[in-house]
Number of protein chains: 2
Amino acid sequence: MMTTTNTAMKSGRSPRGRREGGRDARRAKRLARVHHMLAPLENKLPPLELLSPEQVERIHEASMAILEEVGIDFRDPVALQQWREAGAEVDDQRVRPDRALIMELISTIPARVTYHARNPERNGEVGGNHSIFVPMTGAPYLRDLDDVRRLPTLDDLANFHKLAHMLPALHSSAHHIVEPMDHPVSHRHLRITYSSMKHSDKTFMGMTTSGKNAEDVMRMCQILFGEDYMDSHPVVTGNINANSPLVWDQVMLASLRVFSSHNQPVLCSPFVMAGANTPASVAPAVAQLNAEALSGLAYTQIVHRGAPAIYGHYLSTVSMKSGAPMAGTPEISMMNAMIGQLARHYGIPWRTSNTLGGAKTFDAQAGYESATTLMAVLLAGANYIWHSAGWNEAGMHCSVAKFVVDAEQCAMGHRLASGVKWDDFDEALAAVRDIGPGGHYLGHQHTLNHFENALFSPELFDNSSYEQWEAEGSKEITRRALEYARKLLADYEYPPLDPAIDEALLDFIRRRETEIPASDELNQSY
Amino acid sequence: MMTTTNTAMKSGRSPRGRREGGRDARRAKRLARVHHMLAPLENKLPPLELLSPEQVERIHEASMAILEEVGIDFRDPVALQQWREAGAEVDDQRVRPDRALIMELISTIPARVTYHARNPERNGEVGGNHSIFVPMTGAPYLRDLDDVRRLPTLDDLANFHKLAHMLPALHSSAHHIVEPMDHPVSHRHLRITYSSMKHSDKTFMGMTTSGKNAEDVMRMCQILFGEDYMDSHPVVTGNINANSPLVWDQVMLASLRVFSSHNQPVLCSPFVMAGANTPASVAPAVAQLNAEALSGLAYTQIVHRGAPAIYGHYLSTVSMKSGAPMAGTPEISMMNAMIGQLARHYGIPWRTSNTLGGAKTFDAQAGYESATTLMAVLLAGANYIWHSAGWNEAGMHCSVAKFVVDAEQCAMGHRLASGVKWDDFDEALAAVRDIGPGGHYLGHQHTLNHFENALFSPELFDNSSYEQWEAEGSKEITRRALEYARKLLADYEYPPLDPAIDEALLDFIRRRETEIPASDELNQSY
C-alpha cells in the first residue's frame, strides 16, 4: 500500500562529505528539537466530572458490596494465605475482604509516584494532575517502515524504543511495544528489558509474564540503577491484569509480589470488555471494575506496606452484534471520566489507555478513535497514560506511522492541558490597537515576538493547498509519517550508558539465557 | 483511488420482484432506523471551564475597551445611520459603541431559539444546553461517491441534502453544502434554497450572499411556512461573517437586516484565522473575536428588537511557518471552551464549527482533526454546531465518505452528551452476583434486556478480525463509507410536501430567474 521514500533513506545513510556542514547544522537543530523531552504533563484542564458526589458514593458502595458479598478469586495459594492473615474471609479461592479492610489497606498507597529515569532530566511524576504518556505495548504484529504488516523482530522493537526515546511527548520507552518473535519466548523478557534500557534513557516498563521473569527485571534494574536504589526510587512499572470478572491469577499475583516487594509500582488493571465480562451498562461495569482494581491495590499493601501502586484498567466495549471489542466509543469516554473521579476520590494515581482503536490500517477510523480517546483521557485527568502511540487493530499491530503521529497528538494534548497563557495579554491588546480594523498581524512585533510557540503547528498534518500537496507527491499522512520515522531513525544516537553497566547487563542476560532453556513456553515457575 | 461497489448499486437499483419480501422488510427496518432523527442534543456534560470568572471578566473588559477605543467598521451607510441614531459615536465608517449601549442592546437577544421545521417532529431548540448538528457548507469542490475530487453540480448538492435528511444525528440540511457550479451564480441561491427545502423536512440555512438574495430566501420561506408564520417562528438561519479584524461589510449587513427584520436568527460570526487576523495568542484573539461578535449581535437588536441571534465565529489558527489555516489544534480547542464561557456569560446561544480539517483526502489526519474538534465543541457546550459533516481540505471540498462518517461521529457525541444512565444499575448489580468470578455476561438476562442500546456500535468502524476484514475485501473506511452512502441514497424517499406549495416555490423561482439576469456575478444590489 505504501512505497518507501528512497530520498529519506538516502539522506540518512549517505556518507558525510565536506559539503555537508549545512545539513549537519540542520540535523543538529532537528535533533535538539526532537531530543528534548516535554516535561511530564501538569494537566491544568478542570477534570470532567460526570458523576455527582452521591453517584461516586453509590458506585463505591456497590463495589464494596461486590467484594464483601460476591467476593473475588485470588487463584494463588500465597495470596490466599496473606489475605487470611490480613483478616479477610477466605473460602477456597474466594476472598471476601470487607470495606474497612480494603479502605485501610489502600490508605497507605502514595498519592504520587516519581519515576526515576537513568537520565534524571527524564524523571517524571504521576499522580494528582501530573501525568506521563507511555507508548503502546504487546503487539504480536507490526506495520513497518514500508507499512507492511508482519511479525516483529528484536530489531523492530529496537526501532520503536529509539522512536520512543526521540519523540518529545513520550515519557517512557515502555517494554515490549512489539513482541520480538525472532527470539525464544522464555528469553524474551531479558532482551526486551535490555532494549528498553539501552535505546532510551527515559523510564520504562517491566515484564510481568511470570514471577521469575519479574525477578529478572528487578535484577537488571539493580544493575542499571545500583543495588539499593530501588528501595526508595520507583524506576520501572509492572502491569497486573485482573481476569474480569473478579479473578486475579497466579502469574499476575506472583509478578505483583515481585514488583511491590521491590517498592516498584504496579498498575492494577482489570481487563474490561464491557458487555462481555462486565454488565452491558456503564455505571455497573465501573462498579465491578472498581471492586477488582481496589482488591488488587489493597493486595499490594499486604505485600509491602506503602509500596507505590496505580489504579489501572484496560477498557473496551464489546459490539453486541459481533462480540468484537470496540474503541473510541462514547461509553469508553464516559467510563474514563467516571474512573478518574473514583481514583481521585481514593487519592490514588490512575492509569488508563490512550489511542486504542480497531482499524486494520492507519485510515481515518484510526484517527477518529485515537483522537476521541486522547481527548477523553486528558479531560478525565488520567495520570499514567499508557498505549499513547502506535496502537491499532485492537492491539494486534503497532503501526510505525501511527506511532509518530500519535506521539505528535500527545504533544498537542500536552499543549492543550497546559492551559491558557496570559503573560502577553496586554502586549497583544496593544497590537489590536496598532492594527485596527481591516489590517493583519503577520508582520506585527507581537507576532514576531511570539510566532515560534504561539500556535501549535503539527509537523505531520498537511495544511498546504491542494495544488501544493499534489506537487509534493500527493502524500497521505501514512506516507508522510513513515518518511518522518525514517528521518528520526537515521538521526538516532544512543543515549550515553556507562560501558561497565552495559557489560554487566549483557553478562546477566547471557547467564540467564544459559540457565533458562530456550523455549516457546513462558518461563513460568512463578 | 476508490472503486465503486457494484453490489451496493445493484442492490439499490434492481427491479423489485416477488422474492424480495425479505429484502423489503430489511429495507423498511433500515429506513426506520435511519429516518429517525435523534432529538436535538440535551448536553449533560458539565461544560469545560478554562477561564476563572475573573478571566471571563478580563476578556469582557478588553473587548469593551476595543469597541470603545479602537472601534469597529460598519462599511454600510444604513448601518452607520442606525448606530448614530442608537447613540453610538460614529466617525466616518468607524463605530465606537460604549459598553452600556452594547450590553443594553444584547440584553434582548433570546437565550434560546426553537427552530421550526416543516415537519414539526424535526423542530429543534438551540441555547442553554440544547444543541443541533448542522452539516458543512460552502465547498467549491466535492469528493464524490467514487472519491473523485471535482466541481459539484446541483445533483451533487441534492445528494448531500438527501443524506442530511436521512442521517439521524444531523438536525439540519443546511444550504449550499457544495456550490452547484452547473448553475449561474446569480440564480444559485434560489436553487440551493429549494434543494434544502425539497429534499429534507429538517430545518435549513438561508443564503446571505446579498440582501436581495436573502429577501428571496425569506419569500421562499413564506411560501413554505405561510405568510405570517415567520413573525413568531424561527425557520431558517443566516450566517453573517465579520471580516476580522473589526470590519462588517455591506453584503453581510444587508443580509443581516433582512433576516433580523423577519425575526430569523443570524450567526454573527467573526472569521478568525488566529495569528493572521487576530493576535497570535489565545486570550487576546478571543477578546478581539468577542468584540466583533458582540457588535454584530448588538446591531441585530438595533434592526429588530428581540430578534433571535446567535453568537458565532469561524475559528482556525494559522501556521506561523506557511500562513496556512490549521484545524484540530490545541489552541482551537482552548478558544472553543473560552468562547463557550463568554456566550454563557452573556446568555446568548452559541455557534461554533465542528469537524474542520486540512487533509486532502479522507485519511487519518482527517479523522484526528475531526474527532478532536467534535470532543472540544461538545465539552465546550456549543449550541449551533455547524460544519458537522463532510468538511475537509480547509473547507475546499466536501467529502461524501467523510459526510456519513462525521454524521455517525455526531451520533456518538450525542450519546456521550446524553450522560450516564442509572435506570438499570440495581438490575445489573444483581447480574454481577449471578455471574460471579470467571463467568461472562453475554447470555445473561440483563444483557439480553439491554443489548440493543447499551453500547454504541458504530456502523462505519470496522472492529472485525484482520482475517475477516481481509476476507471481506480489505476495505478501508473510505470505501465502507461510500458503500453506505450509496445504500442510503438508493433508499431515499422524498419527505411529503404539499404539491401546491412545491409548485408555488417553483413558480417563484421561475419568475425570479427571469427577473435576475443569469450571470456568474452575485445578485448583489444589497
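## Describing the overall build of chain A
When helices and strands are counted, chain A shows 19 helices and 20 strands. Here chain A has a C-alpha radius of gyration of 24 Å; the compact-globule value for 526 residues is 24 Å, and the two agree. Seen along its three principal axes, the alpha-carbon backbone of chain A occupies a region of about 75 × 60 × 45 Å. Per-residue burial for chain A yields a buried fraction of 66% across its 526 residues.

## Topic: the confidence of the model for chain A
All names here are of chain A. Mean pLDDT over chain A: 93, with 93% of residues reaching 70 or higher. Note on residues 1-20: pLDDT is under 50 here. Beyond four places in sequence and across chains, it has 26 contacts. For this predicted complex, the interface confidence reaches an ipTM of 0.93, while the overall pTM sits at 0.94.

## As for the relation of the copies chain B and chain A
At an RMSD of 0.0 Å, chain B and chain A line up after a rotation of 180 degrees and a shift of 0.0 Å along the axis. The transformation relating the two chain copies, once decomposed into turn and shift, fits a two-fold axis. In this assembly the copies share their binding face: 100% of the residues contributing to the interface of chain B also contribute to that of chain A.

## Thoughts on the pattern of salt bridges
Per the counting criterion, the structure on display carries 65 salt bridges over all chains. Here Asp-73 of chain B makes a salt bridge to Arg-75 of chain B, at a shortest N to O gap of 3.1 Å. The buried category is assigned to Asp-73 of chain B, whose relative accessible area is 7%. Each of Asp-216, Arg-511, Arg-512 and Glu-515 of chain A takes part in one network of salt bridges that share partners.

## As for the interface of chain B and chain A
Taken together, the contacts link 118 residues of chain B with 118 residues of chain A. Of the roughly 9,400 Å² buried at the junction of chain B and chain A (both faces included), carbon and sulfur atoms supply 69%. At the boundary of chain B with chain A, the tally comes to eight salt bridges. Here Glu-331 of chain A makes a salt bridge to Arg-415 of chain B, at a shortest N to O gap of 2.7 Å. Connecting chain B to chain A are 30 residue pairs in polar contact (both at pLDDT 80 or more). Of the residues forming the side of chain B that touches chain A, the biggest block, 11 residues, is contributed by helix α13 (residues 364-380) of chain B. For the side of chain B that touches chain A, a count of residues per class yields 63 nonpolar, 30 polar and 25 charged.

## Looking at the sheet that holds strand β18 (residues 384-386) of chain A
Residue and element names in this part refer to chain A. One open sheet holds the four strands; their spatial order is β1-β7-β18-β17, and the pairing between them is mixed. Edge strands, defined here as strands with exactly one partner in the open sheet, are β1 (41-42) and β17 (351-353). Note that β1 and strand β7 (residues 130-133) share two bridges and pair antiparallel. Each bridged residue has a counterpart across the sheet, and for Leu-41 the counterpart in β7 is Ser-131.

## Considering helix α5 (residues 99-106) of chain A
All names here are of chain A. Among all positions of α5, only Leu-101, Ile-102, Leu-105 and Ile-106 are buried. All buried residues of α5 lie within an arc of 115 degrees about the axis, which places them on one face of the element. Contacts made by the buried residues of α5 are with α3 (53-70), α4 (77-86), α11 (282-303) and α12 (330-346). You can read the cap of α5 off the contacts: a side-chain oxygen lies 3.1 Å from the backbone nitrogen of Ala-100, and it is on Asp-98.

## Re the sheet that holds strand β1 (residues 41-42) of chain B
Residue and element names in this part refer to chain B. The sheet built from four strands is open, its strands ordered β1-β7-β18-β17 with mixed pairing. Across the chains shown, the open sheet's two edge strands, defined by having one partner strand only, are β1 and β17 (351-353). Here three bridges tie β17 to strand β18 (residues 384-386), and the two strands are oriented parallel to one another. Bridged to Thr-352 within β18 is Ile-385.

## Section: the environment of Phe-456 of chain A
Residue and element names in this part refer to chain A. Its place among the elements puts Phe-456 in the loop between α16 (445-454) and α17 (466-471). Overall, the relative accessible area of 15% leaves Phe-456 in the buried class. With 41 residues separating them along the chain, Phe-456 and Arg-415 place their C-alpha atoms 7.8 Å apart.

Parameters at a glance
Residues numbered from 1 in each chain as written. Chains lettered and ligands numbered in written order. Predicted model: local features only at pLDDT ≥ 70, side-chain atom pairs only at ≥ 80, totals over all residues. Heavy atoms only, no water. Helix = DSSP H or I, 4+ residues; strand = E, 2+ residues; numbered from the N terminus. Rg over C-alpha atoms; globule rule 2.2 N^0.38 Å. Buried < 20%, exposed > 50% of the residue type's maximum accessible area, 1.4 Å probe, protein only. pLDDT = per-residue confidence, 0-100. Contact = heavy atoms within 4.5 Å. Least-squares fit on C-alpha atoms with pLDDT ≥ 70 in both. Salt bridge = Lys/Arg side-chain N within 4 Å of Asp/Glu carboxyl O. Buried area = accessible area lost by both parts, 1.4 Å probe. Polar contact = N/O pair within 3.5 Å; in protein donor to acceptor, adjacent residues only side chain to side chain. Nonpolar A, V, L, I, M, F, W, Y, C, P; charged D, E, K, R; others polar. Pairing = 2+ DSSP bridges. Arc of directions from axis to C-beta.

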